Amino acid sequence: AAKAATATLKQYREKDGKFYFKLLNAEGALVLQSTGFDNPKAAGQCIASLRTEGVAALAGMGGQLDAAAVAVDEAAIAQALAQLG
């Protein structure tokens, strides 16, 4: 049986030493990306908020989101959060 495509929420560290997260929809398109965090716990807390609160968590993340990536509509973000595996 073919595995159903799911959205993914990834936390990672870049060469600048900062921690980031990104949300990809089931098709693999970027729908949300953070700015850099100095510590991984802060990035993890944002991820946890997204998982529990959904798009409502975005209101408290203003300065922590990449403005270019946030331009995607909230419906696309909500749909991707609903598709998380």
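Before reading on, note that the structure itself is shown above.
Residues numbered from 1 in each chain as written. Predicted model: local features only at pLDDT ≥ 70, side-chain atom pairs only at ≥ 80, totals over all residues. Heavy atoms only, no water.

A.B. asks: Just to check I follow, could you spell out the pattern of salt bridges for this structure?
C.D. replies: Opposite charge on two side chains lets them pair, provided their charged atoms get close. In this structure the tally under the stated criterion is one salt bridge. Residue lysine 18 is joined to aspartate 38 by a salt bridge in which the shortest nitrogen-to-oxygen separation is 2.5 Å. Placement of lysine 18 in the loop between β1 (8–13) and β2 (19–24) and of aspartate 38 in the loop between β3 (30–33) and α1 (40–53) is noted, with a sequence separation of 20 residues between them. Taking the relative accessible area as the measure of exposure, lysine 18 reaches 29% and is therefore partly exposed. (Salt bridge = Lys/Arg side-chain N within 4 Å of Asp/Glu carboxyl O. Helix = DSSP H or I, 4+ residues; strand = E, 2+ residues; numbered from the N terminus. Buried < 20%, exposed > 50% of the residue type's maximum accessible area, 1.4 Å probe, protein only.)

A.B. asks: Looking at this structure, I do not really get the side chain of asparagine 25. What am I missing?
C.D. replies: When you line up the elements, asparagine 25 lands in the loop between β2 and β3. A polar side-chain atom of asparagine 25 sits 3.0 Å from the main-chain amide nitrogen of glutamate 27. The contact partners of asparagine 25, leaving out residues within four places of it in the chain, are Thr6, Ala7, Val31, Ala80 and Gln83. (Polar contact = N/O pair within 3.5 Å; in protein donor to acceptor, adjacent residues only side chain to side chain. Contact = heavy atoms within 4.5 Å.)

Limitation: the analysis is restricted to geometry and does not speak to function.
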